Amino acid sequence: MRQLTLDLQPAAPPSLENYVTGSNGEALTALAAWLAPDNREPLFFLCGESGAGKSHLLQACAAACSDARLDRELTSLPAAADPWAVDHLEALTEGGQIVLFNLINRLHASGGRLLLAARLPPRLLELREDLRTRLGSGLVYRLSGLSDAEKRAALAEQARARGLTLSPAVIDYLFARVPRDMRSLTQLLQALDQFSLEHKRPITVPLLREVLQTSPPT
């Protein structure tokens, strides 16, 4: 994108409210119930393909979320949290798996809660058998990624909430030239809204041609 025209602001912090649910309504309802103060279920496990929103939900629910891709030994796991959250479990080393196993045992004894995410469900992860058993003993939900039709509908709804109208041609143009994850699309819509207001021009395909770098369709 040309720095001259579009000013992309930092995306809004992840929250349950700005998660685009798609077909994941059951999982989102269960997660909200699990977060209730009177819940006593210690583990909630999310699995699913990349882009389904696992990391979004972990970051929305936990003040400190440990990412096993960045901290494979879980050395930065906080001393106290409610809930704890650990993302990308498949990246854990043997040492990190032991740390997680011990944390789960402590939570079973103390009544704490742990939110977890990985691409695969517990039984299919290449982890220690005792850890897989512990992980599978909690609530497990699979998230599905949004279809292109669901993303288009969500983007159009976000535009309507801003008082904008995105024609099918505009959405087609965007989907052919920008990343299709909802975080990027939402961030781009915010920038287009600001540009449209500043320049008093509606969002049209000719406008997009001006503000987006020309690139071949993906």
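Draft legend 1. Representation of the pattern of salt bridges in the model. Counting across every chain of the model gives ten salt bridges. A salt bridge links Arg128 to Asp130, with the shortest nitrogen-to-oxygen separation between them at 2.6 Å. Taking relative accessible area as the criterion, Arg128 reaches 24% and is therefore assigned partly exposed. Between Arg162 and Asp193 there is a salt bridge, with its nearest N and O atoms 3.0 Å apart. Here Arg162 is found in the loop between helix H5 (148–161) and helix H6 (168–177), whereas its partner Asp193 is found in helix H7 (residues 182–199), with 31 residues between them in sequence. With relative accessibility at 10%, the residue Asp193 sits in the buried group.

Draft legend 2. Local environment of unusual backbone geometry. Residue Pro83 is bonded to the preceding Asp82 through a cis peptide linkage, with omega at 0°. Looking at where Pro83 falls in the secondary structure, it is placed in the loop between strand E2 (65–67) and strand E3 (84–87). The phi dihedral of Leu74 falls on the positive side, at around 55°, and the residue is not glycine. The residue Leu74 is located in the loop between E2 and E3 in this model. Exposure remark for Leu74: the relative accessible area of 3% places this residue in the buried category. One non-glycine residue with positive phi stands out, namely His88, at about 55°. Along the chain, His88 falls in the loop between E3 and helix H3 (94–110). Here His88 falls in the buried class, since its relative accessible area comes to 13%.

Draft legend 3. Structural context of the packing of aromatic side chains. The full count for this structure, using the stated rule, is two aromatic pairs. Ring centres of Trp34 and Phe44 lie 5.6 Å apart, and the angle between their planes is 50°; on these two criteria the pair is classed as tilted. Within this pair, whereas Trp34 is found in helix H1 (residues 25–34), its partner Phe44 is found in strand E1 (residues 43–48), the two being separated by ten residues in sequence. The same class applies to Trp34 and to Phe44, which are both buried. By relative accessible area, which is 0% here, Phe44 ends up buried. Aromatic rings pair up to connect Trp34, Phe44 and Tyr141 into one cluster. Sitting over the ring of Trp34, Arg113 keeps its end group 5.5 Å from the ring centre. The cationic tip of Arg128 hangs over the ring face of Phe101; the distance from NZ or CZ to the ring centre is 5.7 Å.

Criteria and cut-off values
Residues numbered from 1 in each chain as written. Predicted model: local features only at pLDDT ≥ 70, side-chain atom pairs only at ≥ 80, totals over all residues. Heavy atoms only, no water. Salt bridge = Lys/Arg side-chain N within 4 Å of Asp/Glu carboxyl O. Buried < 20%, exposed > 50% of the residue type's maximum accessible area, 1.4 Å probe, protein only. Helix = DSSP H or I, 4+ residues; strand = E, 2+ residues; numbered from the N terminus. Phe/Tyr/Trp six-rings, centres within 6.5 Å; stacked < 30°, edge-to-face > 60°. Lys NZ or Arg CZ within 6 Å of the ring centre and 35° of its normal.

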